[in-house]
Amino acid sequence: MVKKKVMLPADEVDLATVKYQCEIIEAPHLTGFWLKLFVQVVETSIIGPLIISHLKKENKMVEMLKNTVIPEAPMFKPEFPPQEPETEVIPLEEDGKPEERVELALKCLPEYDPAKSWTSDSSDPFRYWSIRDYAYAYRSKLTTPSIVAERFISAIDEFKNKKPPTPLLISYDPGNIRKQAAASTRRFEEGNPLSILDGIFMAIKDDIDCCPYPSNGGTTFFHEIRLVEEDAASVAKLRCCGVILVGKANMHELGLGTTGNNPNYGTTRNPHAPERYTGGSSSGPAAIVAAGLCSAALGTDGGGSVRIPSSLCGVVGLKSTYGRTSMIGSICDSGTVEIIGPLTTTVEDAILVYSAILGSSAADRIALKPSIPQVPILSSHKSSNFLGSLKLGKYTEWFNDVFSTDITEKCEDVINRLNETHGCKTVEIVIPELHEMRNAHIVSIGSESVCGLNPDFEDGKRTKFTDDTRINLALFRSFTASDYVAAQCLRRRIMLYLTDIFKKVDFIITPTTGMTAPVIPPAALKSGETDLQVAGNLMRFVTLANLLGLPAISVPVGYDKQGLPIGLQLIGRPWCEASILRLAAAVEELCSTTKKKPLQYYDMLKGN
C-alpha cells in the first residue's frame, strides 16, 4: 500500500527546519547510436512507459505528484498580490506608439558622451557598440544603415560557410535586409529617423513570427502546418520604430532544450569558445548579439531560454513579468510560463527594446491586471540613493550549488561590491521546496507543450522531430491531468513562500546558471544529445521566475578560469521591471572594466 505524504499548509511551515537538497538528476547521457536506440525503445507501447515511469520514480516525481496531499488550491496562471509603487521611474503608455515609449525611455538614460565610445585608446577595456552609438554614427554620417547591412550580410555568409556549419540564422533574405537598410538610410538623410531604434539590426528567434519568414521553431516542417501572415505583436512594434529585422535566429528545436543543439540546421557555437554551446533555447539570438552582429535580438523564455544563453554568451537577457509583453504571434502563445524578451549587449539597450515591445494582450489585462509599465530614471542622482535602501535576498546553500566555484566566487564578489559601493544589504533567506518547484515547472511547461503538439504528433509527424525532442515529448506525454493540477497547487504554494520573502527583501540574487558553457560532444552535432545533468545545472536558478511569472534579468559579471562568461541573476517583485533594470545597470557599471572581446567578434560600425 502506497503511503501518502501530507504537506503542512505553506503558512505553517517552519523555515528553520528546511534543509536544502542538492539537485541530483538520474538519467542517462546519450548521443549517436545509443540516443537513436533509446528513442526507439522509449516510444514503444509497452517498454517505453516502464522506462519513463522508472525515471520519474528515480527523480521523485511520482512521490511528489501522485503520493502527496497538497493543501493549497491550484493556480493555473500566476496571480500577483498588489505591489508597492516603484520610485524614480517614468510610466509608459501601453496603448501608445512604441516609438514614443522608446523616446521617453531614452530620456531616462544618462547623458550620452560620444568621446567615451569613439576614443581610439587601445588600452581601454573592450565594450560593445550600444544602440546610442549606432544612432550617433548614423546622425553624424560616420556610416549608414546600408553600409552596416553589407558588413552584416558578409559576416552571416561567413558563418554559413564554416565547417561544420554554424548558422546563426535559419531564415534570412539579403535583399530584404538591404531594402530595410536603404529605407532607414533615406530617413537619416532626410533628418527623419523614426526613433533611436531606427537602423538598429535585430534578429528574431525562430518561434516568433516575423514576415516574410516562416516560423519553424527550429524544426524542419512547422512552416507546412503554421502559416505566418503577419508579424508577432512584439515584432510589429519594433518595425514601427525603424528596426532592421535581419531574419529568424537559430534555436533548440521547439525550445525544448537548454544547450542550443540543433542537428536540423547546425548547432550555433559560442562566440567566446566555438567548441562550446551557447545555451538555449535562444541560441541564435544570444550568439548573434555576443558576436557583435546585432545590438539586440528577441527570444522566448519559458524555462530560462533567454537568460541561460545570455549568461553563457556574456550578454544581457531580460525576462519580464508574465503577461507584460504580448505573446500573440509566437509558437508558444498559449502557455503559462513563457514570455518574449530582449537579449542585448547592455542594460540600457535592454531598457530601450523592452520599452518598444511591452504591452499586455487584452486577455492578460483582464486576467492579470498588470500595473502601469515603467522604466527607471538612471539620469538622476536619486537613482544612486535608491540603491542604498535595497535588500538583496540570498539563499546561500542554493547560491553555492554550482558545478564550478568560479561562479559563486565571481557572483559573491559582485554582491560585496554592491554593498560597499551603493550601501545595499544582503539578507539571508530560505526558499522551501525547490525540488517540488522544479517538478511543478517541468509538468506545467511539458503538459502545455504537448497540448499544442499532440495533433501533429498523432498525425505521423513524430519522426520529423529530433531525437532529444522525441524523448522530452515521451516524458511530457506521460503526465496526467491530475499531475498537472498537482503542479498548479505547488505553483500557488511556492508563490505564497515568495510573497512572504518579498516582504523582507527587494530582490532575490543568484548565479544565472550552475555551470558555464558546456563542451559540444562531436557526436551531438549530427544526431543531438540528451543530457539532463547538464540541463539541471543550466536551469537550476532560472525556473522559479518562470513558474511564478516573476521578472528577472541576467547580467554578465565576469569569467571563469577558462575565460567563459558568468551571469548574475536578479529576480524581482511582479511588475517591477524598472527596479531590476536599475539594479542591473549598477551591476553592469561595477563590472564594466572586465569585459573581454569574444573570439568571434565583428565590428559592424567600423568594419574591422
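Here the structure is a predicted model, which means the values were calculated and not measured.

About the criteria used
Residues numbered from 1 in each chain as written. Predicted model: local features only at pLDDT ≥ 70, side-chain atom pairs only at ≥ 80, totals over all residues. Heavy atoms only, no water. Helix = DSSP H or I, 4+ residues; strand = E, 2+ residues; numbered from the N terminus. Rg over C-alpha atoms; globule rule 2.2 N^0.38 Å. Buried < 20%, exposed > 50% of the residue type's maximum accessible area, 1.4 Å probe, protein only. Contact = heavy atoms within 4.5 Å. Areas by Shrake-Rupley, 256 points an atom, 1.4 Å probe, with all protein chains shown as cover. Lys, Arg positive; Asp, Glu negative; His and termini not counted. Charge placed at Lys NZ, Arg CZ, Asp CG, Glu CD. Pairing = 2+ DSSP bridges. Axes fitted to C-alpha atoms, helices over the stretch in contact; angles between N-to-C directions. Polar contact = N/O pair within 3.5 Å; in protein donor to acceptor, adjacent residues only side chain to side chain. Parallel < 35°, antiparallel > 145°, perpendicular 65-115°, else oblique. Left-handed = near helix turned anticlockwise from the far one by under 90°. Nonpolar A, V, L, I, M, F, W, Y, C, P; charged D, E, K, R; others polar. Phe/Tyr/Trp six-rings, centres within 6.5 Å; stacked < 30°, edge-to-face > 60°. Lys NZ or Arg CZ within 6 Å of the ring centre and 35° of its normal. Salt bridge = Lys/Arg side-chain N within 4 Å of Asp/Glu carboxyl O. Expected span 1.5 Å × (residues − 1). Core = buried A, V, L, I, M, F, W, Y, C linked by side-chain atoms within 4.5 Å.

(A) Quick look at the overall build of the protein. In terms of helices and strands, the protein carries 24 helices and 19 strands. Taking 608 residues into account, the globule formula puts the C-alpha radius of gyration at 25 Å, and the protein, at 23 Å, falls close to it. Taken along its principal axes, the extent of the C-alpha atoms in the protein is 80 × 55 × 50 Å. Buried residues in the protein amount to 62% of all 608 residues. In the protein, the share of contacts with a sequence separation of at least 24, taken over all contacts with a separation of at least 6, comes to 80%. Surface summary for the protein: the accessible area is close to 23,100 Å², and the carbon and sulfur share equals 55%. If you average the places of the 64 positive and of the 72 negative side-chain charges in the protein, the two averages end up 1 Å apart.

(B) Up close: the sheet that holds strand β7 (residues 244-249). What the 11 strands build is an open sheet, ordered β5-β7-β6-β10-β12-β11-β18-β19-β16-β14-β15; its pairing is mixed. What marks the edges here is a single partner per strand, and that holds for β5 (169-171) and β15 (425-428). Averaged over all adjacent pairs, the angle separating strand axes in this sheet is 35 degrees, with direction ignored. Of the strand pairs in this sheet, strand β14 (residues 391-394) and β15 are connected by 4 bridges, and their pairing is parallel. The partner of G393 across the bridge, within β15, is V427. Against the sheet, helix α13 (residues 347-357) touches β6 (201-205), β10 (296-301), β11 (316-319) and β12 (339-344), its axis set at about 145 degrees to β12. Taken strand by strand, helix α17 (residues 405-422) contacts β14, β15, β16 (507-511), β18 (552-559) and β19 (565-571), and its axis lies near 55 degrees from that of β19.

(C) The environment of L37, seen in detail. Secondary-structure assignment places L37 in helix α1 (residues 32-42). Classification of L37 as partly exposed rests on a relative accessible area of 37%. For the pair L37 and A363, spaced 326 residues apart in the sequence, the C-alpha separation amounts to 44 Å.

(D) Structural context of the side chain of D133. Relative to the helices and strands, D133 is located in helix α6 (residues 131-139). Among the polar contacts made by the side chain of D133, one reaches the side chain of Y112 at a distance of 2.6 Å. Residues within four places of D133 in sequence aside, it is in contact with Y112, S117, W118, R127, Y128 and L605.

(E) View of the packing of helix α4 (residues 98-107) against α13. Contact pair α4 / α13: the axes reach a minimum separation of 8 Å and the direction vectors enclose 150 degrees. Regarding the angle of α4 to α13, the classification is roughly antiparallel. Crossing handedness for the pair α4 and α13: right-handed. For the pair α4 and α13, the contacting residues are P98, R101, V102, A105 and L106 in the first and I351, L352, S355 and A356 in the second. When its residues are assigned to classes, the contact of α4 with α13 shows 7 nonpolar, 1 polar and 1 charged.

(F) Representation of the packing of aromatic side chains. Counted under the stated rule, the structure contains 18 aromatic pairs. By the ring-pair criterion, three or more aromatic residues cluster together here, those being Y112, W118, W129 and Y136. For K596, the ring lying beneath its charged end belongs to Y559, and the centroid distance is 4.6 Å.

(G) Inspection of the environment of P376 at higher detail. Within the fold, P376 resides in strand β13 (residues 374-376). A sequence separation of 57 residues divides P376 from K319, and the C-alpha atoms of the two residues are 16 Å apart. Leave out the neighbours within four places in its chain, and P376 touches E88, V89, C108, I351, A578, L581 and R582.

(H) Focus on the pattern of salt bridges. Counted according to the given criterion, the structure contains 30 salt bridges. Notably, a salt bridge pairs D95 with R365, separated by 2.8 Å at the nearest N-O pair. Here R365 lies in helix α14 (residues 362-368) and D95 lies in the loop between β4 (89-91) and α4, a separation of 270 residues in the sequence. The salt bridge partner of K394 is E412, with a shortest N-O separation of 2.4 Å.

(I) Quick peek at helix α22 (residues 532-539). The complete set of buried residues in α22 reads V534, A535, G536, N537 and L538. As for α22, its buried residues are in contact with α12 (307-313). The opening residue of α22, the one whose side-chain oxygen lies 3.3 Å from the backbone nitrogen of Q533, is D531.

(J) Seen up close, the side chain of D207. Turning to its location among the elements, D207 is positioned in the loop between β6 and α9 (222-225). For D207, a relative accessible area of 5% gives the class buried. Of the polar contacts made by the side chain of D207, one reaches the side chain of T300; its length is 2.7 Å. If sequence neighbours within four positions are ignored, D207 has contacts with G217, M251, T300, G329, S330, I331 and C332.

(K) Helix α7 (residues 145-160), seen in detail. The end-to-end C-alpha distance of α7 is 22 Å, a good match for the 22 Å that 16 residues give at a rise of 1.5 Å each. All of the buried residues along α7 are P145, V148, A149, F152, I153, A155, I156 and F159.

(L) Layout of the packing of α17 against helix α24 (residues 577-590). For the pair α17 and α24, interaxial distance at closest approach is 10 Å and the crossing angle is 100 degrees. On the basis of their axis angle, the class for α17 and α24 is roughly perpendicular. Residues V414, R417, L418, T421 and H422 of α17 pack against L583, A586, V587 and L590 of α24. When grouped by side-chain class, the residues that make up the contact of α17 with α24 number 6 nonpolar, 2 polar and 1 charged.

(M) Representation of the pairing of β19 in the model. By the criterion of burial, β19 is predominantly enclosed, with 7 of the 7 residues buried. Neither face of β19 is open: one carries P565, G567, Q569 and I571, the other I566, L568 and L570, and all of them are buried. Two elements, β16 and β19, share 4 bridges in a ladder whose sense is antiparallel. Paired with T510 across the two strands is Q569, which belongs to β19. As judged from the 7 bridges shared by β18 and β19, these two strands associate in the antiparallel manner. Counterpart to A552 in the pairing with β19 is I571. In this structure, the hairpin formed by β18 and β19 is closed by a connection of 5 residues, where G563 is found at a positive phi of approximately 80 degrees.

(N) Representation of the nonpolar core in the model. Counting 172 residues, the largest nonpolar core has F152, I288 and L293 as its most contacted members. No other element matches helix α20 (residues 481-501), which puts 9 residues into this core. Residues within four places of F152 in sequence aside, it is in contact with L169, I177, F201, V246, I288, L293, C294 and M604. Formed by 7 residues, the second largest nonpolar core is a distinct cluster that contains L312, A517, V534 and L538.

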